[in-house]
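Structural characterization, general
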There are 2 protein chains.
Amino acid sequence: MGHGADAKNTTTARERLETVGAADVAATLQALATPSRLRILARLQEGPCAATELADAVGMEQSACSHQLRLLRNLGLVTGERRGRSIIYALYDNHVAELLEQALYHVEHLRVGLRDTPASAPTAVT
Amino acid sequence: MGHGADAKNTTTARERLETVGAADVAATLQALATPSRLRILARLQEGPCAATELADAVGMEQSACSHQLRLLRNLGLVTGERRGRSIIYALYDNHVAELLEQALYHVEHLRVGLRDTPASAPTAVT
DNA sequence: GGACCACTTGAAGAGCCATTCATGTGTTCA
DNA sequence: TGAACACATGAATGGCTCTTCAAGTGGTCC
């Protein structure tokens, strides 16, 4: 994806948003919009993990964790595989890991107050 | 603590999450977790826009839009500058645009069911 | 079979959040 | 000055969501 000048980009973010469905995009991003799920995903990025161990790692009750895991699974962000009496959870694929990575990266830089090119006036679009 | 080193990645996502503050990360991502704000940001990515015109572009009431704009401004995602009797809104910087871009990109690919490298233990799922 | 473990599921309650309605502030123009 | 415009603000409402408590299901080992 090109940074900087994308002067002749025919597909706008707005079009893509409505194509995919703004509600669906919002729903997926909502998965990253809570501390508990954020911690779950971050822990899972280090490797697969059983449910109880996972709940313990992120410091939440096992039941609450299970509820969130179901939500994440329904969104296609994590997978769960039965192994003995445990169920091993893992990130669905690298896209999820990358999305988490990007979110972290950007927020880290936003918090610092770092600003590069102001997006305000560079390209005249009308 | 490392001083902004990206190359040598000994810091896990979990560490970074807690360093920045999971709640703050969640709060910022929450800004992208609703259709209305998503549309606002997507419209703003095309260029600056006055409040009323913006509300009209995303199809929401002026008051509701103003409330959301305040929220986005408090999060440091957009800026508003008075010009005449209008107030021109714009994305704060390119990081915001990129974050939106990344979110769109990833969700587009998630929805397709596309999967590349499994992020962890190969598993057959449900 | 029965005790036990790992995890899920359902319901209920508290808190939060986005929208609406009504009103308030600031600006331009006649 | 007053009317009209552009936008912000406050309160109230309805809906949604995260958590907790209390069962319920599937699996293992003796």
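In the block above lies the structure referred to throughout.
Described below are features of the structure shown in this document. Here the structure is a predicted model, which means the values were calculated and not measured.

1. Some thoughts on the overall build of chain A
Looking only at helices and strands, chain A has six helices and three strands in total. Traced from its N-terminal end to its C-terminal end, chain A shows the element sequence α-α-α-β-α-α-β-β-α. Across chain A, contacts joining residues at least 24 apart in sequence account for 45% of those joining residues at least 6 apart. Here chain A displays about 6900 Å² of accessible surface, and carbon together with sulfur accounts for 47% of that area.

2. Looking at the interface of chain A and chain B
The parts lose accessible area when they come together, and the size of an interface is often stated as this lost area. Of the residues lining the interface, 61 residues belong to chain A; the matching set on chain B comes to 59 residues. Where chain A abuts chain B, roughly 6000 Å² becomes buried across the two surfaces, and 63% of that area is made up of carbon and sulfur atoms. Per-residue buried area on chain A facing chain B is highest for A:Arg14, A:Arg16 and A:His95; these three make up 11% of the total on that side. The interface formed by chain A and chain B contains eight salt bridges. The salt bridge involving A:Glu108 is made with B:Arg16; its shortest N-O contact spans 3.3 Å. In this structure, the connection of chain A to chain B is made through ten residue pairs in polar contact (both at pLDDT 80 or more). Contributions of two or more residues to the side of chain A that touches chain B are made by α1 (13-20), α2 (22-30), α3 (35-45), β2 (78-83), β3 (86-91) and α6 (94-112) of chain A. In terms of residues, the side of chain A that touches chain B owes the most to one element, α6(A), which gives 16 residues. Here the side of chain A that touches chain B is composed, by residue class, of 31 nonpolar, 15 polar and 15 charged.

3. Remarks on the protein's contact with DNA strand C
Taken together, 24 residues form the shell around DNA strand C, and within it A:Thr52, A:Gln62, A:Ser66, A:Tyr89 and B:Arg37 come nearest. By atom count, sugar and phosphate contribute 65% of the portion of DNA strand C lying within 4 Å of the protein. Separating a phosphate oxygen of DNA strand C from a backbone N or O atom of A:Ala51 is a distance of 3.0 Å. Side-chain polar atom of A:Tyr89 to a phosphate oxygen of DNA strand C: 2.3 Å apart, as the coordinates give it. Broken down by secondary-structure element, the contributors of at least two residues to the surface near DNA strand C are α4 (51-58), α5 (62-74) and β3 of chain A together with α3 (35-45) and α5 (62-74) of chain B. Residues belonging to the surface near DNA strand C are distributed by class as follows: seven nonpolar, eleven polar and six charged.

4. Overview of the protein's contact with DNA strand D
Around DNA strand D, the structure places 24 residues, and the nearest of them are A:Arg37, B:Thr52, B:Ser63, B:Ser66 and B:Tyr89. Looking at DNA strand D alone, sugar and phosphate atoms form 69% of those within 4 Å of the protein. The contact in question runs from a phosphate oxygen of DNA strand D to an N or O atom on the side chain of B:Tyr89, over 2.3 Å. For the surface near DNA strand D, the secondary-structure elements that each account for two or more residues are α3 and α5 of chain A together with α4 (51-58), α5 and β3 (86-91) of chain B. Residue classes in the surface near DNA strand D are distributed as seven nonpolar, twelve polar and five charged.

5. Describing the relation of the copies chain A and chain B
Structural alignment of chain A on chain B gives an RMSD of 0.1 Å, achieved by rotating through 180° and translating 0.0 Å along the axis. Read as a symmetry element, the transformation amounts to a two-fold axis.

6. Some details on the state of the cysteines
All names here are of chain B. Per the stated rule, a full pass over the model turns up zero disulfides over all chains. We note that Cys49 lacks a disulfide partner, and the nearest cysteine sulfur, in Cys65, lies 8.5 Å from it. For Cys49, a relative accessible area of 2% corresponds to the buried category.

7. A word on the pairing of β2(A)
Residue and element names in this part refer to chain A. Pairing between β2 and β3: six bridges, direction antiparallel. Along β3, the bridge assignment pairs Glu81 with Ile88. Hairpin connection, β2 to β3: the antiparallel pair is bridged by two residues, and Gly84 has positive phi, about 65°.

8. Structural notes on the sheet that holds strand β2 (residues 78-83) of chain B
Residues and elements named next belong to chain B. Ordered in space as β1-β3-β2, the three strands form an open sheet in which the pairing is antiparallel. Two strands lie at the open edges of the sheet, namely β1 (49-50) and β2, each paired on one side alone. The strands touched by α5 within the sheet are β2 and β3, with β2 carrying the most contacts at an inclination of about 115°.

9. Considerations on the pattern of salt bridges
Applying the stated rule across the entire model yields ten salt bridges over all chains. Salt bridges here are not isolated pairs; linked through shared partners, they connect A:Arg16, B:Glu101 and B:Glu108.

Basis of the calculations
Residues numbered from 1 in each chain as written. Chains lettered and ligands numbered in written order. Predicted model: local features only at pLDDT ≥ 70, side-chain atom pairs only at ≥ 80, totals over all residues. Heavy atoms only, no water. Helix = DSSP H or I, 4+ residues; strand = E, 2+ residues; numbered from the N terminus. Contact = heavy atoms within 4.5 Å. Areas by Shrake-Rupley, 256 points an atom, 1.4 Å probe, with all protein chains shown as cover. Buried area = accessible area lost by both parts, 1.4 Å probe. Salt bridge = Lys/Arg side-chain N within 4 Å of Asp/Glu carboxyl O. Polar contact = N/O pair within 3.5 Å; in protein donor to acceptor, adjacent residues only side chain to side chain. Nonpolar A, V, L, I, M, F, W, Y, C, P; charged D, E, K, R; others polar. Near = heavy atom within 4 Å. Least-squares fit on C-alpha atoms with pLDDT ≥ 70 in both. Disulfide = S-S within 2.5 Å. Buried < 20%, exposed > 50% of the residue type's maximum accessible area, 1.4 Å probe, protein only. Pairing = 2+ DSSP bridges. Axes fitted to C-alpha atoms, helices over the stretch in contact; angles between N-to-C directions.

The values are spatial; any link to function lies outside them.
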